[in-house]
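Structural overview
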Amino acid sequence: MKQVLVLGGSGFLGGHVCEKLVRAGYQVSVATRKAVHARAVMHLPGLTVLECNIHDEAALGRAMVGMDAVINLVAILHGSPAAFTHVHQDLPEKIAKACLAQHVQHLVHLSALGVQSHRPEAAPSHYLRSKGLGEALLADTLGLGARPSAHPSCGLTLLRPSVIFGVNDKFLNVFARLQAVFPVMPLACAQARFQPVWVEDVASAVLKSLAQGLAQAPSLRVYELAGPHVYTLRQLVQFAARCSGINHGRGRPVLGLPLWVGRLQVMALKLMPGEPLMSADNLASMQTDNVVQGEYPGLATLGIQASALEAIGPQYLGSQAATKGLLGLRHRHR
Ligand SMILES: NC(=O)c1ccc[n+]([C@@H]2O[C@H](COP(=O)([O-])OP(=O)(O)OC[C@H]3O[C@@H](n4cnc5c(N)ncnc54)[C@H](OP(=O)(O)O)[C@@H]3O)[C@@H](O)[C@H]2O)c1
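Residues numbered from 1 in each chain as written. Predicted model: local features only at pLDDT ≥ 70, side-chain atom pairs only at ≥ 80, totals over all residues.

Around the ligand, a shell composed of 22 residues is seen, among which G8, G11, L13, T32 and A75 lie nearest. In the shell around the ligand, the residues fall into 15 nonpolar, six polar and one charged. (Near = placed C-beta within 6 Å. Nonpolar A, V, L, I, M, F, W, Y, C, P; charged D, E, K, R; others polar.)

Looking now at the packing of helix α3 (residues 81–101) against helix α4 (residues 126–141). Relative placement of two packed helices is described by the angle separating their axes and the distance separating the axes. Where α3 meets α4, the axes come as close as 8 Å, and the angle between the chain directions of the two elements is 15°. One element, α3, and the other, α4, form an angle in the roughly parallel class. By crossing handedness, the relation of α3 to α4 is classed as right-handed. Of the residues in α4, those in contact with P81, F84, T85, H88, Q89, P92, E93, A96 and K97 of α3 are H126, Y127, S130, K131, L133, G134, L137, L138 and T141. Looking at side-chain class alone, the contact of α3 with α4 contains eight nonpolar, seven polar and three charged residues. (Axes fitted to C-alpha atoms, helices over the stretch in contact; angles between N-to-C directions. Helix = DSSP H or I, 4+ residues; strand = E, 2+ residues; numbered from the N terminus. Parallel < 35°, antiparallel > 145°, perpendicular 65-115°, else oblique. Left-handed = near helix turned anticlockwise from the far one by under 90°. Contact = placed C-beta atoms within 7 Å.)

Within the open sheet, the seven strands sit side by side as β3-β2-β1-β4-β5-β6-β11. Their pairing is parallel. The open sheet has two free edges, formed respectively by β3 (48–51) and β11 (220–225), since each of these has just one partner strand. Adjacent strand axes in the sheet meet at a mean angle of 20° when their direction is disregarded. Bridge count between strand β5 (residues 106–110) and strand β6 (residues 155–161): five bridges; the pairing is parallel. (Pairing = 2+ DSSP bridges.)

Domain parsing of the protein chain yields domain 1 (3–163 + 198–225) and domain 2 (165–194 + 228–290 + 307–330). Taken over C-alpha atoms, the centre of domain 1 sits 27 Å from the centre of domain 2. Contact with domain 1, which involves 17 residues of that partner, is made by 19 residues of domain 2. At the level of secondary structure, the elements contributing two or more residues to the side of domain 1 that touches domain 2 comprise α4 and α6 (199–215). Split into classes, the residues belonging to the side of domain 1 that touches domain 2 amount to 10 nonpolar, five polar and two charged. (Domains from an automatic or database assignment.)

Taking 1.5 Å per residue, 21 residues should reach 30 Å; α3 reaches 29 Å between its end C-alpha atoms and fits that length. Largest kink in α3: about 30°, centred on D90, with the proline P92 one to four residues after it. When α3 is considered as a whole, its buried residues turn out to be F84, H88, Q89, L91, P92, I95, A96, A98 and C99. (Expected span 1.5 Å × (residues − 1). Bend = angle between axes of the 7 residues up to and from the residue. Buried ≥ 20, exposed ≤ 12 C-beta atoms within 10 Å, placed from the backbone.)

A word on unusual backbone geometry. For N168, which is not a glycine, the phi torsion comes out positive at approximately 70°. With respect to the secondary-structure elements, N168 resides in the loop between β7 (164–165) and α5 (172–181). A positive phi angle, near 55°, is found at C189, a position not held by glycine.

Set out below in structure tokens:
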């Protein structure tokens, strides 16, 4: 039985990935900062939860002993520039070094659509820059980058999803709940374009690329993961409201804001307790389209037919989004 360590397995995507891994017969361990964070997955048959500080190289190395593969789902959406560097660059480099030291065969790493492969530092936000630089550090450390090693020992799959939707997503649910509370929906970057992808399709891509990586000689593979259709942010906000039955299915009037007003809005949101709903860095990320570039293969190459938002969204947005208000949203994840 193949042993897999999942970093960030307690999160939104992590739950789906862990469930599929267990069903597929892998022996799964989830490393988490606090065991209670992994409560959604800890009862999956045979799954082990390891409470450890993965930023500590010795602890990370111990967590990887005996592992055939590692899946890295750790990321942050908000934080200081130093925090983005710490989580999206320093950590992947430590993970790659530990994979080499522990003879791990394959690493699957979740990145994001919008990173710039050839000039990662040119991306518009701290999030995208650090994600792109993290990809490069992983490839270089594993000897799969610009100066390839003659005999790499650990393969690497980089998966770049667009925004991910599904039960408990932090995207469409946020817009539904905001509209449940406010009579109008002020929206910066209303014309930003996304190609949302279903969480189950992304989890399937993780499993397929893992199996492929374990079966083949170590190499670097990159996939862009996106749904079948492109939408503007305005369309997605309206879709979330329609599915949630807000204002009798009509949703709220969406008031497009210029970027500078959007920045004032995020400053106000920052004053609310808990994790911000939107940050200036999120607005910066939306300055570039979150749609496939076509430079790399996608879900179809992995044998996955992408599900449409229209088929899945109404199933979960209708049942939960409008009912809990803003506080439900902000306290839901922990
Ligand atoms: N969700 C999306 O729409 C989307 C879109 C594009 C790309 N992605 C990528 O897909 C991956 C999974 O996303 P997700 O939405 O499932 O994320 P998530 O729900 O926020 O989960 C991320 C996990 O990372 C761990 N984590 C967070 N901060 C950490 C820190 N400072 N140190 C160590 N661990 C930390 C947490 O685990 P513990 O609390 O258990 O330690 C958490 O469960 C990420 O790489 C993300 O960038 C997601």
